[in-house]
Amino acid sequence: MRKYVIMGIQGSGKGTQAKLLADDLNLEHISVGDLFRWNVQHRTKLGAQVKRIMAAGHLVDDDLVESVVRRRLDDHDWNFGFIVDGFPRNARQAEFFLESYDIDGVINLELPDEEVQRRVLARRLCTQCGLDYNLIAYRPKVEDVCDVCGGRLAAREDDNPEALAVRLAEYHEQTKPLIAIFQRKEFVATVDATAAVPDVQAAIRTHFNLMRPR
Ligand SMILES: [Zn+2]
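Everything numeric in this text was worked out from a predicted model, so none of it was measured.

A. Spatial organisation of the packing of aromatic side chains. As enumerated under the stated definition, the model contains eight aromatic pairs in all. Here the aromatic rings of Phe87 and Phe97 are separated by 5.5 Å at their centres, their planes lie at 80°, and the arrangement is edge-to-face. Note that Phe87 is positioned in the loop between β3 (82-85) and α5 (91-100) and Phe97 in helix α5, a separation of 10 residues in sequence. Each member of the pair, Phe87 together with Phe97, is buried. Taken together, a centroid distance of 5.2 Å and an interplanar angle of 50° make the contact between Phe97 and Tyr101 tilted. For Phe97, a relative accessible area of 0% translates into the label buried. You can call Tyr101 buried: its relative accessible area is 11%. One Lys or Arg, Arg70, reaches over the ring of Phe96 and ends 3.8 Å from the middle of that ring.

In structure tokens form, the structure reads like this:
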């Protein structure tokens with residue numbers, strides 16, 4: 001049974017890579033983002049709590065994330081491996097996580113800040129139907145107009161260079177100590193995420209001696 005942690009900044013393709021690995025190796029993809037979205041969509045108590053926090057303009061704190069991940073892992077059927085995405089978030093959680101679960105390795109997707117900026121600032125969203133566009137990979141047929149509903153496309157409010165610079169600095173500050181802890185105890189595979197999706201996936205598999213993607 002295989003257990004992994006995947007780390008990577010937004011734009012690094014972390015979710016895509018985790019899904020590819022999970023589907024092919026029959027792992028559960030335990031994504032903090034998906035867990036929170038599920039709870040909001042299904043109107044749970046936790047979902048209401050998350051909505052209140054977001055509405056007040058705050059980020060969900062590390063303790064809440066930890067309790068959600070713990071609950072999910074407690075429910076887990078241990079006949080199956082997993083890949084955790086979005087956790088741990090701080091040094092204390094990382095220490096606890098490594099002591100509690102026998103992790104096979106950590107995948108660390110690396111993307112230079114300039115490339116994060118290029119990718120994130122190219123994102124657009126339809127203001128009417130919410131469809132995602134990307135001016136690098138998935139352009140609309142007509143500039144600034146949604147292919148599906150004809151709505152106007154706009155960048156997300158927090159996808160601007162200033163806000164992104166803050167997120168980048170926070171990510172590095174938060175991640176560096178985690179990587180140091182992982183490196184002390186586990187195998188960390190650092191993978192260049194600038195490559196195409198299948199190549200990144202192949203590089204991950206090579207690090208862990210896994211079968212090549214089908
Ligand atoms: Zn639209």
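B. Representation of the packing of helix α1 (residues 14-25) against helix α8 (residues 197-207) within the structure. Two elements in contact, α1 and α8, have axes separated by 10 Å at closest approach and are oriented at 60°. With respect to α8, the element α1 is oriented oblique. In the crossing of α1 with α8, the sense of the turn from one axis to the other is right-handed. In contact with Thr16, Gln17, Leu20, Leu21 and Asp24 of α1, α8 contributes Val197, Val200, Gln201, Ile204 and Arg205. Within the contact of α1 with α8, the residues separate by chemical class into five nonpolar, three polar and two charged.

C. Region of interest: the side chain of Lys14. If you trace the backbone, Lys14 turns up in helix α1. A distance of 2.6 Å separates the side chain of Lys14 from the side chain of Asp85, its partner in a polar contact.

D. Spotlight on the coordination of the zinc ion. Surrounding the zinc ion are the protein donor atoms Cys126 (SG), Cys129 (SG), Cys146 (SG) and Cys149 (SG), at 2.3 Å. Around the zinc ion, the four donor atoms are arranged such that angles at the metal cover 100 to 114°; this shape is classified as tetrahedral. For the zinc ion, the donor residues sit on a single chain with the sequence spacing C-x2-C-x16-C-x2-C. Of this pair, Cys129 sits in the loop between β5 (123-126) and β6 (132-134) while Cys146 is found in the loop between β6 and β7 (153-154), placing the two residues 17 residues apart along the sequence. The class for Cys129 is partly exposed, based on a relative accessible area of 40%. Residue classification places Cys146 among the buried residues on the basis of a relative accessible area of 3%.

E. Structural context of the pattern of salt bridges. All chains considered together, the criterion is met by 16 salt bridges. Ionic pairing is found between Asp62 and Arg89, a salt bridge with its closest N-O pair at 3.2 Å. With Asp62 in helix α4 (residues 62-75) and Arg89 in the loop between β3 and α5, this pair connects stretches of sequence that are 27 residues apart. Judged by its relative accessible area of 22%, Asp62 is partly exposed. Asp159 is the partner of Arg167 in a salt bridge, and the nearest nitrogen-oxygen pair spans 3.1 Å. With a relative accessible area of 6%, Asp159 lands in the buried category. Several salt bridges converge on common partners, so that one network encompasses Arg123, Asp132, Arg156, Asp158, Asp159 and Arg167.

F. Representation of the sheet that holds β5. Taken together, the three strands give an open sheet; going across it, the order is β6-β5-β7, and neighbouring strands pair in antiparallel fashion. A single partner strand is all that each edge strand has here, and the edge strands are β6 and β7. In this sheet, β7 lies alongside β5 in antiparallel orientation, the contact comprising two bridges. Among the inter-strand pairings, Cys126 is bridged to a residue of β7, identified as Leu153.

G. Structural view of the environment of Gly33. On the secondary structure map, Gly33 appears in helix α2 (residues 32-41). Among the residues examined, Gly33 registers a relative accessible area of 30% and is labelled partly exposed. For Gly33 and Asp113, which are 80 residues apart along the polypeptide, the C-alpha to C-alpha distance reads 22 Å.

Rules used in this analysis
- Residues numbered from 1 in each chain as written.
- Predicted model: local features only at pLDDT ≥ 70, side-chain atom pairs only at ≥ 80, totals over all residues.
- Heavy atoms only, no water.
- Phe/Tyr/Trp six-rings, centres within 6.5 Å; stacked < 30°, edge-to-face > 60°.
- Helix = DSSP H or I, 4+ residues; strand = E, 2+ residues; numbered from the N terminus.
- Buried < 20%, exposed > 50% of the residue type's maximum accessible area, 1.4 Å probe, protein only.
- Lys NZ or Arg CZ within 6 Å of the ring centre and 35° of its normal.
- Axes fitted to C-alpha atoms, helices over the stretch in contact; angles between N-to-C directions.
- Parallel < 35°, antiparallel > 145°, perpendicular 65-115°, else oblique.
- Left-handed = near helix turned anticlockwise from the far one by under 90°.
- Contact = heavy atoms within 4.5 Å.
- Nonpolar A, V, L, I, M, F, W, Y, C, P; charged D, E, K, R; others polar.
- Polar contact = N/O pair within 3.5 Å; in protein donor to acceptor, adjacent residues only side chain to side chain.
- Donors = N, O, S within 2.8 Å, 3.2 Å for Na, K, Ca; no water.
- Tetrahedral: all angles 85-135°; square planar, octahedral: opposite > 155°, others 65-115°.
- Salt bridge = Lys/Arg side-chain N within 4 Å of Asp/Glu carboxyl O.
- Pairing = 2+ DSSP bridges.

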